[in-house]
Amino acid sequence: MTAHGKRGNHGTVGGVPVTDQLVRASNDQVDERSPAGRERHPGRPSLSGDGESQVVQFRATRVQVEALDRRAKATHRTRSELAREALDLYLAGD
């Protein structure tokens, strides 16, 4: 059963009912356009190009996050870019 309560009906797009048959046909078209043998990886691309970027989470104070967001906005960069740069600078001091 779908969220709409009817088997095989997935709602509408532009007034056209989206049926199981339409979904299968759409998926087949996507498969035909995809490069053969190309492995798909969900999410963002690797930073290093080898598929091995790690996600690191840490806690920060509200004041730190607000300062980070101000700097990111002023420099047109992301939080992650700034955090990576800060980490590189800190680790270079070892």
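Let us look at the structure shown here.

Cut-offs used in this document
- Residues numbered from 1 in each chain as written.
- Predicted model: local features only at pLDDT ≥ 70, side-chain atom pairs only at ≥ 80, totals over all residues.
- Heavy atoms only, no water.
- Helix = DSSP H or I, 4+ residues; strand = E, 2+ residues; numbered from the N terminus.
- Buried < 20%, exposed > 50% of the residue type's maximum accessible area, 1.4 Å probe, protein only.
- Contact = heavy atoms within 4.5 Å.
- Areas by Shrake-Rupley, 256 points an atom, 1.4 Å probe, with all protein chains shown as cover.
- Expected span 1.5 Å × (residues − 1).
- Salt bridge = Lys/Arg side-chain N within 4 Å of Asp/Glu carboxyl O.
- Patch = residues over 30% accessible without salt bridge, like charges linked within 9 Å, V, L, I, M, F, W, Y side chains within 5 Å.

Remarks on the overall build of the protein
Here comes step 1: Secondary structure assignment for the protein yields three helices and two strands.
Here comes step 2: When the helices and strands of the protein are read in sequence order from the N terminus, they spell out β-β-α-α-α.
Here comes step 3: Looking at the 94 residues of the protein, the share that counts as buried comes to 6%.
Here comes step 4: Summarising the internal contacts of the protein: among those between residues at least 6 apart in sequence, 3% fall at separations of at least 24.
Here comes step 5: About 8,900 Å² of surface is accessible on the protein, with carbon and sulfur atoms providing 52% of the total.

Quick look at helix α2 (residues 62-75)
Since the α-helix turns once every 3.6 residues, residues separated by three or four places project in the same direction.
Here comes step 1: The first and last C-alpha atoms of α2 sit 20 Å apart over 14 residues, in line with the 20 Å expected at 1.5 Å per residue.
Here comes step 2: In the stretch just after α2, His-76 is the one whose phi turns positive, near 55°.

Considerations on the environment of Val-56
Here comes step 1: For Val-56, the location among the structural elements is in the loop between α1 (20-33) and α2.
Here comes step 2: Relative accessible area serves as the criterion here: at 66%, Val-56 is assigned to the exposed category.
Here comes step 3: As for Val-56 and Ser-80, which are separated by 24 residues in sequence, their C-alpha atoms are 10.0 Å apart.

Re the environment of Thr-78
Here comes step 1: By the element assignment, Thr-78 lies in the loop between α2 and α3 (79-92).
Here comes step 2: Along the sequence, Thr-78 and Leu-68 sit ten residues apart, while their C-alpha atoms lie 9.1 Å from each other.

Observations concerning the pattern of salt bridges
Here comes step 1: With the rule as written, the count across this model stands at three salt bridges.
Here comes step 2: The partner of Arg-62 in a salt bridge is Glu-66, and the shortest N-O contact between them spans 3.2 Å. With Arg-62 and Glu-66 both in helix α2 and four residues apart, the pair spans about one turn of that helix.
Here comes step 3: Exposure remark for Arg-62: the relative accessible area of 59% places this residue in the exposed category.

Section: unusual backbone geometry
Here comes step 1: At His-76, a residue that is not glycine, the phi angle is positive and equals roughly 55°.
Here comes step 2: Turning to its location among the elements, His-76 is positioned in the loop between α2 and α3.

Let's talk about a nonpolar patch on the surface
Here comes step 1: Together, Leu-87, Tyr-90 and Leu-91 make up an exposed nonpolar region whose accessible area comes to about 340 Å².
Here comes step 2: With respect to the element layout, Leu-91 can be found in helix α3.

Purely spatial values, then, with no claim about function.
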